[in-house]
Amino acid sequence: MTTRRTIGSPDATRAVDWEQRIDFPRLRRERLERAKAALAASELGALLLFDPNNIRYVTSTHIGEWARDKNARFTLLARGADPILWDFGSAARHHQLFAPWLSEESFRAGVSPMRGAMPVETGIPDRLAEKIAHELRELGLSDEPLGVDMADLVTIEALVGLIYQALATGLLFARFARPTAAIVFSRQAIVAPYAGME
């Protein structure tokens, strides 16, 4: 087991012992509580976040200004659960070491299509959609609405593609699971009185 530090670099917060300055643990805790409360008050089962500002608000993580317009990271905040952040492998490991306010399981390696820089042919959009679908199934939220703050077209297509794939699978199953028994009609009709009726 790796020992986790509470601060990534010495003097990172310029903390002093003679006065209370910024209470970062409280800031992180209250941001996440507000996001969870807003989700609970909505009709959504989960939120899928790509906007770096929203990810930072919910997870209190940041990988530098260079990534601000890339949308390389993504976070799933599901009803009743802590957020899951997918980030570059080295960044995910860094968060596991230096972000003790969330469990190590909250940080996973993975990237988004980065505003279309990773086209469909790379498989990245489909893998992203599969990861989200897997987590929603695990949490029992696969039938609940998913809110998305912003996404590129290939990501939307991959997420919608899963919906169509599930729908098509259901329709095919219904078609082939149909009973084979059928009503057989006679080629000749018999007209005769029945039980005293004419």
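Above this note sits the structure.
Predicted model only: the values in this text are computed from it and were never measured. (Residues numbered from 1 in each chain as written. Predicted model: local features only at pLDDT ≥ 70, side-chain atom pairs only at ≥ 80, totals over all residues. Heavy atoms only, no water.)

A.B. asks: How should the pattern of salt bridges be read in this particular structure?
C.D. replies: Any two side chains of opposite charge can pair, given that their charged atoms come close. The tally for this structure, following the rule as stated, stands at four salt bridges. A salt bridge links Arg 26 to Glu 30; the shortest N-O distance between them is 2.9 Å. Of this pair, Arg 26 and Glu 30 are both found in helix α1 (residues 24-41), four residues apart, which corresponds to roughly one turn of the helix. Of the residues examined, Arg 26 reaches a relative accessible area of 42% and is grouped as partly exposed. Residue class for Glu 30 comes out partly exposed when judged on its relative accessible area of 25%. Asp 87 is paired through a salt bridge with Arg 73; the nearest N and O atoms lie 2.7 Å apart. Here the residue Asp 87 occupies a position in strand β3 (residues 84-87), and Arg 73 occupies one in the loop between α2 (52-59) and β2 (74-78), the gap between them amounting to 14 residues. On the accessibility criterion, Arg 73 (7% relative accessible area) is buried. (Salt bridge = Lys/Arg side-chain N within 4 Å of Asp/Glu carboxyl O. Helix = DSSP H or I, 4+ residues; strand = E, 2+ residues; numbered from the N terminus. Buried < 20%, exposed > 50% of the residue type's maximum accessible area, 1.4 Å probe, protein only.)

A.B. asks: What's the story with the pairing of β3 in this structure? I'm lost.
C.D. replies: Looking along a regular strand, one sees side chains alternate from face to face of the sheet. The side-chain alternation of β3 yields two buried faces, one formed by Ile 84 and Trp 86 and the other by Leu 85 and Asp 87. Strand direction decides the pairing type here: β2 and β3, joined by three bridges, are antiparallel. Counterpart to Phe 74 in the pairing with β3 is Trp 86. Linking two consecutive strands that pair antiparallel, namely β2 and β3, is a turn of five residues; a positive phi of about 75 degrees is found at Gly 80 within it. Note that β3 and strand β4 (residues 107-109) share three bridges and pair parallel. Looking at the pairing, Leu 85 lines up with Phe 107 of β4. Between the parallel pair β3 and β4, the chain is carried across by helix α3 (residues 89-98), and the sense of this crossover is right-handed. (Pairing = 2+ DSSP bridges. Right-handed = clockwise from strand over helix to strand, strands pointing away.)

A.B. asks: What's the story with the nonpolar core in this structure? I'm lost.
C.D. replies: Here is a general trend for soluble globular proteins: nonpolar side chains tend to be buried in one another's company. One finds Leu 48, Phe 74, Leu 76, Trp 86, Ile 132 and Leu 136 to be the most contacted residues of the largest nonpolar core, which totals 16 residues. Excluding residues that lie within four positions of it along the chain, Ile 132 makes contacts with Leu 48, Phe 74, Leu 76, Trp 86 and Leu 146. If you look at the next biggest cluster of nonpolar residues, it comprises 11 residues, including Ile 55, Val 58, Ala 99 and Phe 107. (Core = buried A, V, L, I, M, F, W, Y, C linked by side-chain atoms within 4.5 Å. Contact = heavy atoms within 4.5 Å.)

A.B. asks: Looking at this structure, how should I read empty space enclosed by the protein?
C.D. replies: To find leftover empty space, a probe the size of one water molecule is rolled over the atoms. Evaluated as defined, the whole model comprises two cavities of 30 Å³ or more. When its volume is computed, the second largest cavity comes out at roughly 30 Å³. Around the second largest cavity sit Phe 50, Asn 71, Ser 112, Ala 151, Asp 152 and Thr 155, which together line it. Along the lines of polarity and charge, the residues of the lining of the second largest cavity split into two nonpolar, three polar and one charged. (1 Å grid on protein atoms, 1.4 Å probe; cavity = no way out; pocket = protein on both sides within 12 Å on 5 of 7 lines; lining within 4 Å. Points joined across faces, edges and corners; volume = space filled by probe spheres on them. Nonpolar A, V, L, I, M, F, W, Y, C, P; charged D, E, K, R; others polar.)

A.B. asks: How should I be thinking about the packing of α1 against α2 in this particular structure?
C.D. replies: Pairs of packed helices are described in terms of their axes, by the angle between the two and the distance that separates them. Across the interface, α1 lies against α2 with an axial gap of 7 Å and an inter-helix angle of 110 degrees. Considered as vectors, α1 and α2 are oriented roughly perpendicular to each other. Side by side, α1 and α2 meet where Arg 31, Leu 32, Arg 34 and Ala 35 of the first sit next to Arg 56, Tyr 57 and Val 58 of the second. The residue inventory of the contact of α1 with α2, partitioned by class, reads four nonpolar, no polar and three charged. (Axes fitted to C-alpha atoms, helices over the stretch in contact; angles between N-to-C directions. Parallel < 35°, antiparallel > 145°, perpendicular 65-115°, else oblique.)

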